Amino acid sequence: MSSQTFASVWDALEETPQAAENMRVRASMMRALTAHINRTGMSQAVAAKLFDVTQPRISDLKRGKIDLFSIDALVNMAAAAGLHIQVTIPELETA
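Not measured: the values here are computed from a predicted model.

(A) Summary view of helix α4 (residues 55–62). Three or more residues of α4 are buried, namely Ile58, Ser59, Asp60 and Leu61. Among the structural elements, α2 (17–40), α3 (44–51) and α5 (71–80) are those in contact with the buried residues of α4.

(B) Just the pattern of salt bridges, in detail. Across all of its chains, the model carries two salt bridges by this definition. Close ionic contact of Arg24 with Glu21 constitutes a salt bridge, the shortest N to O distance being 2.8 Å. Of this pair, Arg24 and Glu21 both sit in helix α2, three residues apart, roughly one helical turn. Given the relative accessible area of 25%, Arg24 is considered partly exposed. Taking the shortest distance from any N to any O, the salt bridge between Arg63 and Asp60 comes out at 2.9 Å. Judged by its relative accessible area of 54%, Arg63 is exposed. With relative accessibility at 16%, the residue Asp60 sits in the buried group.

(C) Just α3, in detail. Taken as a whole, α3 has its buried residues at Ala47, Ala48 and Phe51. Taken down its axis, α3 places every buried residue within 100° of arc, on the same side. Exposed side chains of α3 directed beyond 90 degrees from the buried face belong to Ala45 and Lys49. Just past α3, the residue Asp52 takes up positive phi, approximately 60°.

(D) A look at a nonpolar patch on the surface. A cluster of nonpolar side chains, contributed by Val75, Ile85, Val87 and Ile89, occupies part of the molecular surface with about 380 Å² of accessible area. For Val87, the location among the structural elements is in the segment after α5.

(E) Inspection of the nonpolar core at higher detail. Judged by nonpolar contacts, the single largest core of 18 residues is most densely connected at Leu33, Ile37, Phe51, Ile58, Leu61, Leu74 and Met77. Sort the elements by how many residues they give to this core and α2 lands first, with six residues. The residues touching Ile37, leaving out its near neighbours within four places in the chain, are Met42, Ala47, Phe51, Ile58, Leu61 and Lys62.

(F) Structural context of the packing of aromatic side chains. Counting across every chain of the model gives zero aromatic pairs. For the cation-ring pair, Arg57 lies above Phe69, with the distance from its terminal atom to the ring centre recorded as 4.0 Å.

(G) Structural context of the packing of α2 against α4. At a minimum axis distance of 9 Å, the contact between α2 and α4 shows a crossing angle of 115°. Of the possible angle classes, the one that applies to α2 and α4 is roughly perpendicular. Of the two elements, α2 crosses α4, and the hand of that crossing is left-handed. Across from Met30, Leu33, Thr34, Ile37 and Asn38 in α2, the residues of α4 making contact are Ile58, Asp60, Leu61 and Lys62.

Rules used throughout
Residues numbered from 1 in each chain as written. Predicted model: local features only at pLDDT ≥ 70, side-chain atom pairs only at ≥ 80, totals over all residues. Heavy atoms only, no water. Buried < 20%, exposed > 50% of the residue type's maximum accessible area, 1.4 Å probe, protein only. Helix = DSSP H or I, 4+ residues; strand = E, 2+ residues; numbered from the N terminus. Contact = heavy atoms within 4.5 Å. Salt bridge = Lys/Arg side-chain N within 4 Å of Asp/Glu carboxyl O. Arc of directions from axis to C-beta. Patch = residues over 30% accessible without salt bridge, like charges linked within 9 Å, V, L, I, M, F, W, Y side chains within 5 Å. Areas by Shrake-Rupley, 256 points an atom, 1.4 Å probe, with all protein chains shown as cover. Core = buried A, V, L, I, M, F, W, Y, C linked by side-chain atoms within 4.5 Å. Phe/Tyr/Trp six-rings, centres within 6.5 Å; stacked < 30°, edge-to-face > 60°. Lys NZ or Arg CZ within 6 Å of the ring centre and 35° of its normal. Axes fitted to C-alpha atoms, helices over the stretch in contact; angles between N-to-C directions. Parallel < 35°, antiparallel > 145°, perpendicular 65-115°, else oblique. Left-handed = near helix turned anticlockwise from the far one by under 90°.

Just geometry here; none of it tells us what the structure is for.
Have a look at this one:
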């Protein structure tokens, strides 16, 4: 059995670097939105109204159902919540 190491769990789970990066971005945005809900003490119903989605959608977000959310949907939810998205794209280090 060979032992392989990966930079992140997404690198291990996804077939391409592009898919892994997409999952990293979505996971980060979902954590930020969930943290915002928790920090402000919003109920799922209030968050749904603020984010302009349904309450079950907020439940999916809080339960980490990443496969149900696109980057676009998460950006829209963050903007509706009054959050600012900042993107940083560093150069990859090559060996």
